[in-house]
Amino acid sequence: MTCRDLKKILPELDPELLSGVIGRKSFQELFFRNCPDPEYIQLICELIGPKNKEEA
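Notes on the structure in this doc start here. (Residues numbered from 1 in each chain as written. Predicted model: local features only at pLDDT ≥ 70, side-chain atom pairs only at ≥ 80, totals over all residues. Heavy atoms only, no water.)

### As for the environment of Leu18
With respect to the helices and strands, Leu18 occurs in helix 2 (residues 15–22). By relative accessible area, which is 10% here, Leu18 ends up buried. With 29 residues separating them along the chain, Leu18 and Leu47 place their C-alpha atoms 8.3 Å apart. (Helix = DSSP H or I, 4+ residues; strand = E, 2+ residues; numbered from the N terminus. Buried < 20%, exposed > 50% of the residue type's maximum accessible area, 1.4 Å probe, protein only.)

This is the structure in structure tokens:
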């Protein structure tokens with residue numbers, strides 16, 4: 001079994017699936033409140049896109 005960094009996996013996932021998950025307000029509230037890693041925060045902000053960054 002191999003392990004891959006989530007930071008490399010997220011951009012490779014199906015965009016519709018990913019936006020359905022990270023685009024939800026409940027995900028964003030919990031994620032941004034609890035994520036200790038600034039790199040993950042930056043990655044999620046990039047994946048959310050500019051129109052939703054203000055909400056995050």
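### Overview of the packing of aromatic side chains
Tallied over the entire structure, the rule returns 2 aromatic pairs. A ring pair is formed by Phe27 and Phe31, whose centres lie 5.4 Å apart and whose planes are at 15 degrees; its orientation type is stacked. A residue pair is termed a helical-turn pair when its members lie 3 or 4 positions apart in one helix, as Phe27 and Phe31 do in helix 3 (residues 25–34) at 4 residues. Exposure remark for Phe31: the relative accessible area of 16% places this residue in the buried category. A centroid spacing of 5.1 Å and a plane angle of 80 degrees characterise the contact between Phe31 and Phe32, whose relative ring orientation is edge-to-face. One aromatic cluster in this structure is built from Phe27, Phe31 and Phe32. Cation over ring: Lys7 sits above Tyr40, and NZ or CZ is 4.6 Å from the ring centre. (Phe/Tyr/Trp six-rings, centres within 6.5 Å; stacked < 30°, edge-to-face > 60°. Lys NZ or Arg CZ within 6 Å of the ring centre and 35° of its normal.)

### Considerations on the packing of helix 3 against helix 4 (residues 38–48)
Angle between the axes and distance between the axes are the two parameters that describe a pair of packed helices. One can describe the packing of helix 3 onto helix 4 by two numbers: an axis separation of 10 Å at closest approach and a directional angle of 160 degrees. Taken together, the axis directions place helix 3 and helix 4 in an arrangement best described as roughly antiparallel. The two elements helix 3 and helix 4 cross, and the hand of that crossing is left-handed. Two secondary-structure elements touch here, helix 3 through Phe27, Gln28, Phe31 and Phe32 and helix 4 through Tyr40, Ile41, Ile44, Cys45 and Ile48. In the contact of helix 3 with helix 4, the residues fall into 8 nonpolar, 1 polar and no charged. (Axes fitted to C-alpha atoms, helices over the stretch in contact; angles between N-to-C directions. Parallel < 35°, antiparallel > 145°, perpendicular 65-115°, else oblique. Left-handed = near helix turned anticlockwise from the far one by under 90°. Contact = heavy atoms within 4.5 Å. Nonpolar A, V, L, I, M, F, W, Y, C, P; charged D, E, K, R; others polar.)

### Considering the pattern of salt bridges
Taken as a whole, this structure holds 3 salt bridges when the rule is applied. Across the salt bridge formed by Lys7 and Asp37, the nearest N and O atoms sit 3.2 Å from each other. In this pair, Lys7 is assigned in helix 1 (residues 6–9) and Asp37 in the loop between helix 3 and helix 4, connecting sequence segments 30 residues apart. Judged by relative accessible area, Asp37 falls into the partly exposed class, the value being 21%. Here the salt bridges share partners, and the residues they tie into one network are Lys7, Asp37 and Glu39. (Salt bridge = Lys/Arg side-chain N within 4 Å of Asp/Glu carboxyl O.)

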